[in-house]
Amino acid sequence: MQKLLVVLFAAFLSSLAAANEVAIAPTVSAAGLPPLGATWLSENPYRGNPLAPAIGQQAYNQACARCHGADASTNAAPAPDLRNLNRFCRRIADAELNAACLRDNDAYFAKTVRHGKIIVGVTHMPPWEGVLKQELAWAIQVFFESRVTGRRE
Ligand code: HEC
């Protein structure tokens, strides 16, 4: 009986995962953002670009919101609140150290988005490489960073 329950539970979990784990490309144009080509950068080239937040918002809501929460403005979603991603950098007042922290953060963001989060064989987040254009990925990061409130945590 116990074994049966375990098997049923595992089947239930994998059916949940199968329904969620597909990466679906957003239908958003990156027109207006400087094109970046196929090789992924490790630093966000769009901070300060006035077009990036709106393009990123549309792409985020189509591709990321179902797990990370609508408009990057809730911490009640099943996946981590992305506004927290550079929280540790925001605490660093020294400009040079802060820039170094953001560079590490960007590299982690790019790596995570490209390869997804597959942990002991379970896909928590699908890989986005080949599905999501890097222009949209960086615009998404600019968007959710724009949702961070002014408070230094
Ligand atoms: C199918 C659900 C799902 C979708 C869709 C999804 N993610 Fe995720 N993502 C997750 C989960 C779950 C985690 C946490 C995985 C873990 O660490 O166990 C995660 C983690 C991340 C992380 C690392 C967060 C951290 O604190 O370390 C980043 C960055 C990220 N996702 C970006 C994105 C972006 C950008 C999109 C849209 C292009 C996206 N995700 C779409 C489920 C999803």
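See the structure printed just above.
What this report covers is the structure whose coordinates are included nearby. For clarity, every value in this text was computed on a predicted model and none was experimentally measured.

1. As for the overall build of the protein
- For the protein, the helix and strand inventory stands at six helices and two strands.
- Reading the protein from its N terminus to its C terminus gives the helix and strand order α-α-α-α-α-β-β-α.
- Scored against the burial criterion, the 153 residues of the protein give a buried share of 36%.
- In the protein, 64% of the contacts between residues at least 6 apart in sequence involve partners at least 24 apart.
- Accessible surface, the protein: about 9,200 Å² in total, of which carbon and sulfur atoms supply 61%.

2. Points about the coordination of the iron atom of the ligand
- Only His-68 (NE2) and Met-125 (SD) from the protein reach the iron atom of the ligand as donors, at distances of 2.0 to 2.1 Å.
- What the six donor atoms of the iron atom of the ligand show is an angle range of 82 to 180° at the metal, which sorts the shape as octahedral. One end of the pair, His-68, is in helix α3 (residues 65–68); the other, Met-125, is in strand β2 (residues 122–125), and 57 residues separate them in sequence.

3. Description of the site of the ligand
- The full set close to the ligand counts 21 residues, and Cys-64, Cys-67, His-68, Tyr-108 and Met-125 are the nearest of them.
- Between an oxygen atom of the ligand and a side-chain N or O atom of Tyr-108, the distance comes to 2.5 Å.
- Elements supplying a minimum of two residues to the shell around the ligand: α3, α5 (95–115), β1 (117–119) and β2.
- Top contributing element to the shell around the ligand by residue count: α5, with four residues.
- When its residues are assigned to classes, the shell around the ligand shows 15 nonpolar, four polar and two charged.

4. Considerations on the state of the cysteines
- In total, this model carries one disulfide according to the counting rule given.
- A disulfide bridge connects Cys-89 with Cys-101, and the sulfur atoms are separated by 2.1 Å. Taking the sign of the torsion about the S-S bond as the criterion, the disulfide between Cys-89 and Cys-101, at about -80°, is left-handed. Taken together, the residues Cys-89 in helix α4 (residues 87–90) and Cys-101 in helix α5 connect sequence positions 12 residues apart. Across the pair, Cys-101 and Cys-89 agree in class, each one buried.

5. A closer look at the packing of aromatic side chains
- Under the counting rule described, the total for this entry stands at three aromatic pairs.
- Here the aromatic rings of Tyr-60 and Phe-143 are separated by 5.6 Å at their centres, their planes lie at 55°, and the arrangement is tilted. With Tyr-60 in helix α2 (residues 52–63) and Phe-143 in helix α6 (residues 134–146), this pair connects stretches of sequence that are 83 residues apart. For the residue pair Tyr-60 and Phe-143, the accessibility class agrees, reading buried in each case.
- The interplanar angle of 45° and the centroid separation of 5.8 Å between the aromatic rings of Phe-109 and Trp-138 together place this pair among those described as tilted. Here Trp-138 lies in helix α6 and Phe-109 lies in helix α5, a separation of 29 residues in the sequence. Here Phe-109 and Trp-138 have matching classes, each one buried.
- Ring pairing ties together the aromatic residues Phe-109, Trp-138 and Phe-144, which thus form one cluster.
- One residue, Arg-87, lies across the ring of Phe-88, its end atom 5.0 Å from the ring centre.

Rules and cut-offs
- The numbers attached to residues start from 1 for each chain and follow its sequence in the written order.
- Owing to the predicted nature of the model, reporting of local features is limited to residues with pLDDT of at least 70; listing and counting of side-chain atom pairs is limited to 80 or more, with chain, interface and lining totals taken over all residues.
- Here the side-chain values reflect all heavy atoms present in the structure, with hydrogen atoms and water set aside.
- In this text, helices come from DSSP runs of H or I with a minimum length of four residues, and strands from runs of E with a minimum of two, each type numbered from the N-terminal end.
- Each residue is placed in one exposure class: buried if its accessible area under a 1.4 Å probe, protein chains only, is under 20% of its type's maximum, exposed if it is over 50%, and partly exposed if it falls in between.
- In what follows, residue pairs with any heavy atoms lying within 4.5 Å of each other are defined as contacts.
- Computed by Shrake-Rupley with a 1.4 Å probe, the accessible areas treat only the displayed protein chains as cover when residues are assessed.
- Because water is not among the atoms used, a metal site may look incomplete, as its donors are only the N, O and S atoms within 2.8 Å, or 3.2 Å for Na, K and Ca.
- Irregular is the label for any site that misses the other tests, which are tetrahedral for four donors with all angles between 85 and 135 degrees, and square planar for four donors or octahedral for six when opposite donors exceed 155 degrees and the remaining angles lie between 65 and 115.
- Throughout this document, a residue counts as near a molecule or strand when at least one of its heavy atoms sits within 4 Å of that molecule or strand.
- Counting of polar contacts relies on pairs of N or O atoms within 3.5 Å, with two restrictions inside protein: one atom must be capable of donating a hydrogen and the other of accepting it, and residues adjacent in sequence are counted only when both atoms are side-chain atoms.
- Side-chain classes follow a simple rule in which Ala, Val, Leu, Ile, Met, Phe, Trp, Tyr, Cys and Pro form the nonpolar group, Asp, Glu, Lys and Arg form the charged group, and the remainder, Gly included, forms the polar group.
- In plain terms, two cysteine sulfur atoms within 2.5 Å form what is called a disulfide here.
- Any pair of Phe, Tyr and Trp rings, taking the six-membered ring for Trp, is counted once the centres come within 6.5 Å. Such a pair is stacked with planes under 30 degrees apart, edge-to-face with planes over 60 apart, and tilted for the rest.
- Two conditions define a charge sitting above a ring: the NZ of Lys or the CZ of Arg must be within 6 Å of the ring centre, and it must be within 35 degrees of the ring normal.

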